[in-house]
Amino acid sequence: MNGYQQMVLEANEEVKGSYIPKIQVSMVKEIHVSNNYYSCSEDVANCEIVENELKNSDREKFICMHFNVKNQIISYEVVSMGSLNSSIVHPREVFKAVILANAASVLFMHNHPSGDTTPSMDDIEITKRLCRAGEILGIQVLDHLIITRNNHLSFTQAGLI
């Protein structure tokens, strides 16, 4: 055994019985919005968060908005930022922040930089998976919006949820 291996072995022996990492999560307030009450998907599609995060983005972003029991927006997370026409989304990553925020419900949204609001088969499939995950966790999925610079599509209004 060389000196480096001995040092690593000794360091590992010290850590094994000595310390357990403590993880602490805190919420950071970053933007001020004039209205944080959700009454319909149209309200969300026209809010400042959508304007700042999605409408002028040249890459796909997937955002999850977190709501309390009074349908007030309590936080949001940019879950994934992808390429020109795709974004990787997994239920585990989406619901991690939702649970930490103590959200009662969520609304998903992502942009299509192409300007076409037509949902892809991947959009439909991930929405179904997220709805199933929300149902298991007891977190209501309010909608999934596809946002473009000049338009939006609501999965709920289109009968896809």
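Residues numbered from 1 in each chain as written. Predicted model: local features only at pLDDT ≥ 70, side-chain atom pairs only at ≥ 80, totals over all residues. Heavy atoms only, no water.

Regarding the sheet that holds strand β2 (residues 73-81)
Keep this limit in mind: Two strands make a pair as long as DSSP finds a minimum of two bridges between them. The numbering of helices and of strands both runs from the N terminus, where a helix is a DSSP run of H or I of at least 4 residues and a strand a run of E of at least 2. The angle between two axes is taken between their N-to-C directions and runs from 0 to 180 degrees, where each axis is a line fitted to C-alpha atoms and a helix contributes only its stretch in contact.
Strand order across the open sheet formed by five strands is β2-β1-β3-β4-β5, with mixed pairing between neighbours. Two strands lie at the open edges of the sheet, namely β2 and β5 (152-154), each paired on one side alone. Taking the axes of each pair of neighbouring strands and ignoring which way they run, one obtains an average angle of 20° across the sheet. Inspection of the sheet shows strand β1 (residues 61-67) paired to strand β3 (residues 105-111) by six bridges, in the antiparallel sense. Directly across from histidine 66, in β3, lies its bridge partner valine 106.

Some points on the pairing of strand β4 (residues 140-147)
Spelled out, the test is: Partly exposed residues are those whose accessible area sits between 20% and 50% of the maximum for their type, while under 20% is buried and over 50% is exposed, using a 1.4 Å probe and protein chains only. A crossover counts as right-handed when, viewed with the strands pointing away from the observer, the path leading from the first strand over the helix to the second turns clockwise.
Burial analysis of β4 places seven of its eight residues in the buried class, the great majority of the element. By the bridge criterion, seven bridges tie β3 to β4 in an arrangement that is parallel. Paired with leucine 107 across the bridge in β4 is aspartate 143. Each parallel crossover has a hand, and for β3 linked through helix α5 (residues 121-137) to β4 it is right-handed. Across three bridges, the pairing between β4 and β5 is antiparallel. From the neighbouring strand, leucine 145 faces β5, where its bridge partner is serine 154. In this antiparallel pair of consecutive strands, β4 and β5, the connection spans four residues.

Regarding helix α3 (residues 48-55)
Applicable threshold: It is the directions from the helix axis to the C-beta atoms that the arc portrays.
Turning to α3, its buried residues are Ile49, Val50, Glu53, Leu54 and Lys55. For α3, the angular spread of buried residues about the axis comes to 155°, placing them on one side.

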